[in-house]
Amino acid sequence: MNKLKLLSIVAIGLLVVNLMLVAALLMRKPHPNPEGPKKLIIEKLHFDEQQIKAYDTMVEGHRAEIKKSDEHIFKLKNALYSHLNEAIDQQTKDSLIAAIAGVQTTIEQTHYKHFEDIKKLCKADQQKDFEKLTQEIASLFGRPRQRERK
């Protein structure tokens, strides 16, 4: 096989892969709530402008904490799974898994505190709306993220 024929096959293959990628991107369904739960919480609790500003600040801090924890979990998982092709003692493996679990616990505590802070932000007449919201929290955050199949 000469170089020209090989390059033609590679070019056609790349073209097909690119077309498939574009088609996949165009066929993706948009996220049903692009704002995430933030907009929903503001609406359900009937926040005024001052509360929205305070809530926005809270959300930024919350997201930063969660991002930091997610990055820590990512590093720990990399450390754990990097040992798959080599011998690793059980104690090291167990300590990495325990560290991942510890960070996940911190994430859940952070989420819970975030909702306690939201409750504190509510005025007296918004407390009943917050109580209704707490019934929906599990459905907002409890459902597993849908992962794309590979």
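Everything below is about the structure shown above.
Note that this is a predicted model, so its numbers are computed, not measured. (Residues numbered from 1 in each chain as written. Predicted model: local features only at pLDDT ≥ 70, side-chain atom pairs only at ≥ 80, totals over all residues. Heavy atoms only, no water.)

J.: How should helix α4 (residues 90-121) be read in this particular structure?
T.: Spacing of three or four residues puts side chains on the same side of an α-helix, whose turn is 3.6 residues. The first and last C-alpha atoms of α4 sit 47 Å apart over 32 residues, in line with the 46 Å expected at 1.5 Å per residue. Where α4 is concerned, the buried positions are L96, I100, V103, I107, T110, H114, F115, I118 and L121. (Helix = DSSP H or I, 4+ residues; strand = E, 2+ residues; numbered from the N terminus. Expected span 1.5 Å × (residues − 1). Buried < 20%, exposed > 50% of the residue type's maximum accessible area, 1.4 Å probe, protein only.)

J.: Explanation requested: a nonpolar patch on the surface in the structure shown.
T.: Judged by side-chain polarity, L6, V10 and L14 come together as a nonpolar surface patch covering roughly 280 Å² of accessible area. Along the chain, the position of V10 falls in helix α1 (residues 3-27). (Patch = residues over 30% accessible without salt bridge, like charges linked within 9 Å, V, L, I, M, F, W, Y side chains within 5 Å. Areas by Shrake-Rupley, 256 points an atom, 1.4 Å probe, with all protein chains shown as cover. Salt bridge = Lys/Arg side-chain N within 4 Å of Asp/Glu carboxyl O.)

J.: Can you help me understand unusual backbone geometry in this one?
T.: Peptide bonds are, in most cases, trans, and in most cases residues other than glycine have a negative phi. Backbone geometry at H46 places phi at a positive 55°, although glycine is not the residue there. Judged by its relative accessible area of 54%, H46 is exposed.

J.: I'm lost on the packing of aromatic side chains in this one. Help?
T.: We describe a pair of aromatic rings using the distance from one ring centre to the other and the angle between the two ring planes. In the structure shown here, the tally under the stated rule is one aromatic pair. Ring plane angle 65° and centroid distance 5.7 Å describe the contact between F47 and Y55, whose orientation is recorded as edge-to-face. When sorted by exposure, F47 lands in the same class as Y55, which is buried. (Phe/Tyr/Trp six-rings, centres within 6.5 Å; stacked < 30°, edge-to-face > 60°.)

J.: Explain the side chain of S69 here, please?
T.: With respect to the helices and strands, the residue S69 is situated in helix α3 (residues 49-81). Non-local contacts of S69, meaning those with residues more than four positions away in its chain, are made with V103, T106 and I107. (Contact = heavy atoms within 4.5 Å.)

J.: I would appreciate a short explanation of the nonpolar core in the present structure.
T.: As a rule of thumb, nonpolar side chains are buried together in soluble globular proteins. Core analysis: the largest hydrophobic core is formed by 14 residues, its most contacted members being I41, L45, F47, Y55, I118, F130 and L133. Once you skip the residues sitting within four places of it in the chain, F47 turns out to touch I42, I52, Y55, I118, L121, C122 and Q126. Membership of the second largest hydrophobic core comes to eight residues, among which are I66, I73, I100 and I107. (Core = buried A, V, L, I, M, F, W, Y, C linked by side-chain atoms within 4.5 Å.)

J.: Quick question: what am I supposed to make of the pattern of salt bridges here?
T.: Side chains that differ in charge, positive against negative, can pair when their charged atoms come close. For the structure on display, the rule yields three salt bridges. Between K38 and D56 there is a salt bridge, and its shortest N-O distance comes to 2.9 Å. A residue pair is termed long-range when its members are at least 10 positions apart, and K38 in helix α2 (residues 37-45) and D56 in helix α3 qualify at 18 residues. With relative accessibility at 25%, the residue D56 sits in the partly exposed group. Ionic pairing is found between K123 and D48, a salt bridge with its closest N-O pair at 2.5 Å. On the criterion of sequence distance, the pair formed by K123 in the loop between α4 and α5 (127-141) and D48 in the loop between α2 and α3 is long-range, its members being 75 residues apart. K123 sits in the partly exposed class, given a relative accessible area of 41%. On the basis of relative accessible area, D48 is assigned to the partly exposed category, the value being 26%.

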